[in-house]
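Chain by chain, the residues run as shown.
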Amino acid sequence: MRTLADGRRIRYYDTGPVPRTAVDTRELPPATTHSQTRFDPLLGQWVVVASHRQARTFLPPADLCPLCPSTPERPTEIPESDYQVAVFDNRFPSLSGHPAEFPPTVDGSPITLLRNGFGHCEVVCFTSDHNSSFAQLDPARARLVLDAWADRTAELGAKDGVAQVYCFENHGEEIGVTLAHPHGQIYAYPFVAPRVTAITRNLAEYRKAHGGNLFGDLLETERTARIRVVAENSEWTAFVPPFARWPYEVTLQPRRRTADIPDLDDAQRDGFAELYLDILGRFARRFDTPMPYIAAWNQPPTPRAELPRDDWWLHLQVFSFRRAANKLKYLAGSESGMGVFISDTLPETVAAELRELA
């Protein structure tokens, strides 16, 4: 681990020993941000307020990319002249790693709880090649990224105040990417996200009603039916969920139950790299141009969240807003207003289309 000019930390992940001694020569003020969280009593969910992010870097030209390696003429967020995988504290984080005092409730709204927006936000650079993408990585590099996710999940998940670790990638301008360099992010939330809260509750209810594991039973039925399975190997299965919300959506799930990324063994990690690159390749070939997508790791709450983890089964969601070659799925009245998704595609048809792209 090294330190950037403003006190943020950067870590390098390499397949073999590489000396990392470069120094950040920029003149930056100390990194201090103060996010806050406000509790919505109607939905029972926390909302993060991070108004300082309005000033973050937005779609710079390639020669000004802050995620490319540094050169003598232009220092960047990565001090080294080359790297394999780099992880550093986000300069414009949604969550604040610094303690701050807030009143207990929002001014003028005593029923709206107010808390420090504590947490950790990290950037994961998959490659030093600005013009590449995750889909263009080789299996060894994809495995290295997975190892970095595992390492960061373990360390962040052990920190006081962290209830959930979320690793993800936004890919494509249509998704909202503000930096074109191949990268993802990691959020360490101070609360359990609504999706994970709902899944945890439903796992317990399913166990009580049926005596089985909901994740395991879903995977077994999909592997038996073969209708929505897109591809698989000895360790992982990729399938379109029968209840998919997004026009193109694939779940990658290990065939042996594993709770979180750090628990994956070597065979599972190698198998994931192989299958994930396969699926991303299909997403890239479905239309004339690669589909924008979000890749979202679903991990259980951390042990300190005091929610059950016994039935959790790690999985990755990969989904795209693109519903046709030149059409996007917008979250309009039903989705945004009521949270009720109306799908524009049939899961069985999507699975068949993606199978044909092997």
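As the structure is a prediction and not an experimental result, all values here were calculated from the model. Once a new chain begins, its residue numbering starts again from 1 and follows that chain's sequence as written. Selection of residues for local features in this predicted model requires a pLDDT of at least 70, selection of side-chain atom pairs for listing and counting requires 80 or more, and totals for whole chains, interfaces and linings are taken over all residues. Neither water nor hydrogens contribute to the side-chain values; these are computed over all heavy atoms in the structure.

> Now, about the overall build of the chain: what can you tell me, with residues and values included?
On a plain count of helices and strands, the chain comes out with six helices and 17 strands. Radius of gyration: over C-alpha atoms. The globule rule applied is 2.2 Å multiplied by the number of residues raised to the 0.38 power. Relative to the 2.2 N^0.38 estimate, which gives 21 Å for 358 residues, the radius of gyration of the chain is 21 Å and therefore close to what a compact globule would have. When its C-alpha atoms are laid out on the principal axes, the chain stretches across 60 × 50 × 40 Å. Per-residue burial for the chain yields a buried fraction of 51% across its 358 residues. Looking at the chain alone, contacts between residues at least 24 apart form 66% of all its contacts between residues at least 6 apart. Accessible area for the chain stands at about 16,900 Å²; split by element, carbon and sulfur atoms hold 53% of it. We count Lys and Arg on the positive side and Asp and Glu on the negative side, and we leave His and both chain ends out. In plain terms, the charge of a residue is placed at NZ if it is Lys, CZ if Arg, CG if Asp and CD if Glu. Looking at the chain, you have 38 positive and 46 negative side-chain charges, and the mean spots of the two groups are 3 Å apart. Helix and strand definitions follow DSSP, with helices as H or I runs of at least four residues and strands as E runs of at least two, each counted in order from the N terminus. Each residue's exposure class comes from its accessible area (1.4 Å probe, protein chains only) as a fraction of the maximum for that residue type: buried when under 20%, exposed when over 50%, partly exposed otherwise. We call two residues in contact when some of their heavy atoms are within 4.5 Å. For every accessible area listed, the method is Shrake-Rupley and the probe measures 1.4 Å; residues are considered covered only by the protein chains on display.

> Could you give an account of the packing of helix α1 (residues 139-157) against helix α4 (residues 266-285), naming the residues involved and the relevant values?
Where α1 meets α4, the closest approach of the two axes is 9 Å, and the angle between their N-to-C directions is 120°. Relative to α4, the element α1 lies oblique. Crossing angle aside, the handedness with which α1 passes α4 is right-handed. From α1, Pro139, Ala142, Arg143, Leu146, Asp147, Trp149 and Ala150 reach across to α4, where they touch Asp266, Arg269, Asp270, Phe272, Ala273 and Leu277. Put simply, Ala, Val, Leu, Ile, Met, Phe, Trp, Tyr, Cys and Pro go in the nonpolar bin, Asp, Glu, Lys and Arg in the charged bin, and everything else, Gly too, in the polar bin. Among the residues forming the contact of α1 with α4, the class breakdown is eight nonpolar, no polar and five charged. Axis definition: a line fit to C-alpha positions, over the contact stretch in the case of helices; interaxial angles, taken between N-to-C directions, run 0 to 180 degrees. An angle below 35 degrees is treated as roughly parallel, one above 145 as roughly antiparallel, one from 65 to 115 as roughly perpendicular, and anything else as oblique. Left-handed describes a crossing whose near helix is turned anticlockwise from the far helix by less than a right angle; the clockwise case is right-handed.

> An account of the pairing of strand β2 (residues 9-13) is requested, with residue identities and associated values reported.
By the criterion of burial, β2 is predominantly enclosed, with four of the five residues buried. Across two bridges, strand β1 (residues 2-3) lies against β2 in antiparallel orientation. Directly across from arginine 2, in β2, lies its bridge partner isoleucine 10. Each pair of strands is called paired provided DSSP finds at least two bridges between the two strands. Connecting the antiparallel pair β1 and β2 is a turn made up of five residues, with glycine 7 showing a positive phi of about 95°.

> Describe a nonpolar patch on the surface, and please don't skip the residues or the numbers.
For patch building, the residue pool is restricted to those with more than 30% relative accessible area and no salt bridge; the joining distance is 9 Å between like charges and 5 Å between nonpolar side chains (Val, Leu, Ile, Met, Phe, Trp, Tyr). Here a salt bridge means any side-chain nitrogen of Lys or Arg lying within 4 Å of a carboxyl oxygen belonging to Asp or Glu. A contiguous nonpolar patch, built from Met338, Val340 and Ile342 and spanning about 330 Å² of accessible area, is present on the exposed surface. By the secondary structure assignment, isoleucine 342 is in the loop between α5 (333-338) and α6 (347-355).

Nothing here speaks to function; it is geometry throughout.
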